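# Understanding the architecture of this molecule
One-letter residues, chain by chain:
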Amino acid sequence: MTPLPSGATAALGMLIHTPAVPRFPCRMAPIWLIGFLVLALSSIYCTVLHPKQEMWFQGLFPSNMCPANASAYTFYGIMFDAGSTGTRIHIYTFVQKNPEQLPELEGEIFESVKPGLSAYASEPKKGAETVRILLEMAKEAVPPSHWKKTPVVLKATAGLRLLSEQKAQALLLQGMIPRIVREVFEKSPFLVPDNSVGIMDGCYEGILAWITVNFLTGQLYGQNQQTVGTLDLGGASTQITFLPRFEETLEQTPVDFLSSFEMFNSTYKLYTHSYLGFGLKAARLATLGALEIKAVDGQMLRSSCLPKQLEAEWHFGGVKYQYGGNREGETGFEPCYAEVVKVVQGKLHQPDEIRRSSFYAFSYYYDRAADTNMIDYEKGGVLEVRDFERKAKEVCDNMDMYTSASPFLCMDLTYITALLKEGFGFGDNTLLQLTKKVNNIETSWALGATFHLLQSLGLTH
Ligand SMILES: Nc1ccn([C@@H]2O[C@H](COP(=O)(O)OP(=O)(O)O)[C@@H](O)[C@H]2O)c(=O)n1
Ligand SMILES: [Ca+2]
């Protein structure tokens, strides 16, 4: 792969504003009094307080109303994440206060819909309609005067490419859906760059998510940078990315797992890899043996990771699967682990140094940890790898108590345990920081991709 362009995000600094909610008076004051108060407060805000501190009334004033801010330049970027399980829009606002200073990331508007575009293989227009509806949100978020210079891009993740290999989806995903989505973009008032709709290379997914997390946690600028590694677990693929600290890691790593780029006057040589087919949902299919069978229709796929009496159907990527529990045989953590471990054992590269590092983990790592109350759904939390194993045992050995919400809970937790331990080779006590948002911004590759986009279009200064 080609490295990111030099200084891809170098022009961007960060300050996230979280203005306090203004309190409104209970009784309406006379109109002249309101006018006077607004003038007085705005004058205090603009001249004295604005550069120094945030006040409850700050949210009342648009950021460009102060004369000192008259030259402030606001710009936007719209990034669609077309994942295998859902489509998401990220609308970012950046503000450049003056030409000498770095622009700041002011905030993000985020929305998502399910299912993802791959579910619309036979109705591509309906799929594109989900994109159009999300794009309507951007018209609300971005002022009309900025529409023409705000780029919009959609990147499908490698997950969709895996699914597209099945049946007629290849034709639809490589042809129809991108074409119709592009038409939706062309009809919108936004800037549509070349290649605005496409499939993202898996290794960019890891690098861009790493950039997002390390940017949001302030590790890419200033002194004492201590970058953090990232783990993303999607529906169809999974990524691991970190900055190796030891020379021997670089020596022992295959070259296609290493990628260099420059940022904030530093060069980063990252370890990154995207494993296609190792996402949570792809792993379910692999565990059930569905990937080896050509015609899955009508076949009952059984597993000891599922409730004994269960028999059900699952639609994924436009294919119908019938699955069920081991009616005759064993059920529970041990037989389940033995089944699941076959999916990962010996198939992933194991860099030694990760046993001694801590990682940020998101996507399905986060969702399954939150589903089983290991972390708070809003705040996230810190877990050890062994916590996933403990919870997997608890759920799999008491399947009737736990699996009413999702019959796959035991299989999913067992897969996460096996992926972390047998796949990547993490230690039992490796720390995982489960995070969905940092400073109210999604920990997604989408922000890193937007930096890249804005820089390549010359929209940052
Ligand atoms: N902005 C996002 C995007 C995905 N996700 C999670 O990512 C998982 C699904 O991944 P995905 O649909 O992007 O699948 P891939 O195409 O990446 O394989 C789910 O757990 C989503 O909730 C998220 O938490 N936040
Ligand atoms: Ca994803």
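Residues numbered from 1 in each chain as written. Chains lettered and ligands numbered in written order. Predicted model: local features only at pLDDT ≥ 70, side-chain atom pairs only at ≥ 80, totals over all residues. Heavy atoms only, no water.

In the nomenclature of an unreviewed UniProt entry, the protein corresponds to nucleoside diphosphate phosphatase from the organism Alligator sinensis. As its UniProt record puts it under Subunit (unreviewed entry), the protein is described as follows: "Monomer; active form. Homodimer; disulfide-linked. Homodimers are enzymatically inactive." The protein has a UniProt comment under Sequence similarities (unreviewed entry) that states "Belongs to the GDA1/CD39 NTPase family." (UniProt positions renumbered as here; feature names shortened; annotations may be inferred.)

### Topic: the confidence of the model for the protein
Summary statistics for the protein give a mean pLDDT of 81 and a share of 77% for residues scoring 70 or more. The complex prediction reports pTM at 0.83, with the ipTM value standing at 0.99. (pLDDT = per-residue confidence, 0-100.)

### Looking at the packing of helix H9 (residues 364–371) against helix H12 (residues 409–424)
Interhelical geometry of H9 versus H12 gives an angle of 130° and a closest axis separation of 11 Å. As far as their axial angle goes, H12 and H9 are oblique. Considering how the two elements wind past one another, H9 and H12 form a crossing that is left-handed. Along its contact with H9, which presents Tyr 364, Tyr 365 and Arg 368, the element H12 presents Leu 409, Asp 412, Leu 413, Ile 416, Leu 419, Leu 420 and Phe 424. Residue composition of the contact of H9 with H12, grouped by class: 8 nonpolar, no polar and 2 charged. (Axes fitted to C-alpha atoms, helices over the stretch in contact; angles between N-to-C directions. Helix = DSSP H or I, 4+ residues; strand = E, 2+ residues; numbered from the N terminus. Parallel < 35°, antiparallel > 145°, perpendicular 65-115°, else oblique. Left-handed = near helix turned anticlockwise from the far one by under 90°. Contact = heavy atoms within 4.5 Å. Nonpolar A, V, L, I, M, F, W, Y, C, P; charged D, E, K, R; others polar.)

### Observations regarding the packing of aromatic side chains
Under the defined criterion, the tally for this structure stands at 23 aromatic pairs. Taken together, a centroid distance of 5.3 Å and an interplanar angle of 20° make the contact between Phe 75 and Phe 94 stacked. Here Phe 75 is found in strand S2 (residues 73–82), whereas its partner Phe 94 is found in strand S3 (residues 87–96), with 19 residues between them in sequence. Pair check on accessibility: Phe 75 and Phe 94 agree, each one buried. A centroid spacing of 5.9 Å and a plane angle of 70° characterise the contact between Phe 242 and Phe 359, whose relative ring orientation is edge-to-face. Remark: Phe 359 occurs in strand S14 (residues 359–363) and Phe 242 occurs in strand S8 (residues 237–242); sequence separation between them is 117 residues. (Phe/Tyr/Trp six-rings, centres within 6.5 Å; stacked < 30°, edge-to-face > 60°. Buried < 20%, exposed > 50% of the residue type's maximum accessible area, 1.4 Å probe, protein only.)

### Quick word on the site of ligand 1
Taken together, 19 residues are adjacent to ligand 1, and Ser 84, Thr 85, Thr 157, Asp 367 and Lys 436 come closest. In this structure, Ser 84 approaches ligand 1 through a main-chain N or O atom, which is 2.8 Å from an oxygen atom. Take Glu 442: an N or O atom from its side chain is 3.0 Å from a nitrogen atom of ligand 1. With the chains in place, 90% of the 530 Å² that ligand 1 exposes on its own is no longer accessible. Looking at the shell around ligand 1 residue by residue, the class counts come to 3 nonpolar, 10 polar and 6 charged. (Near = heavy atom within 4 Å. Polar contact = N/O pair within 3.5 Å; in protein donor to acceptor, adjacent residues only side chain to side chain. Areas by Shrake-Rupley, 256 points an atom, 1.4 Å probe, with all protein chains shown as cover.)

### Some details on the UniProt feature "active site" (unreviewed entry) in the protein
When the UniProt feature table is mapped onto this chain numbering, "active site" (unreviewed entry) sits at Glu 205. Mapping Glu 205 onto the fold places it in helix H5 (residues 202–216).

### A few points about unusual backbone geometry
Look at the link from Lys 114 to Pro 115: it is a cis peptide, with omega at -5°. If you trace the backbone, Pro 115 turns up in the loop between strand S4 (104–113) and helix H2 (124–141). Unusually for a residue other than glycine, Ser 363 sits at a positive phi of about 55°. Positive phi, close to 50°, is recorded for Asn 439, a residue that is not glycine. Structurally, the position occupied by Asn 439 is in the loop between strand S17 (437–438) and strand S18 (441–442).

### Quick notes on the domain arrangement of the protein
Structurally, the protein comprises domain 1 (18–62), domain 2 (71–201 + 444–456) and domain 3 (204–280 + 338–438). Listed per partner, the contact involves 17 residues of domain 2 and 14 residues of domain 3. Buried surface at the junction of domain 2 and domain 3, summed over both partners, amounts to about 1400 Å²; 72% is from carbon and sulfur atoms. Inspection of the region where domain 2 meets domain 3 yields 0 salt bridges. (Domains from an automatic or database assignment. Buried area = accessible area lost by both parts, 1.4 Å probe. Salt bridge = Lys/Arg side-chain N within 4 Å of Asp/Glu carboxyl O.)

### Section: the UniProt feature "binding site: ATP" (unreviewed entry) in the protein
Look at the UniProt record and you will see "binding site: ATP" (unreviewed entry) annotated at Gly 235, Ala 236, Ser 237, Thr 238 and Gln 239. As for its placement among the helices and strands, Thr 238 is situated in strand S8. A relative accessible area of 0% means that Thr 238 is categorised as buried. In this view, Thr 238 contacts Asp 232, Leu 233, His 273, Ser 274, Tyr 275, Phe 278, Gly 279, Tyr 365, Leu 419 and Phe 424; residues no more than four positions away in its chain are not counted. If you trace the backbone, Gln 239 turns up in strand S8. Overall, Gln 239 belongs to the buried group, its relative accessible area being 1%. Gln 239 has contacts with Gly 202, Glu 205, Gly 206, Thr 230, Leu 231, Asp 232, His 273 and Ser 274, leaving out every residue within four places of it along the chain.

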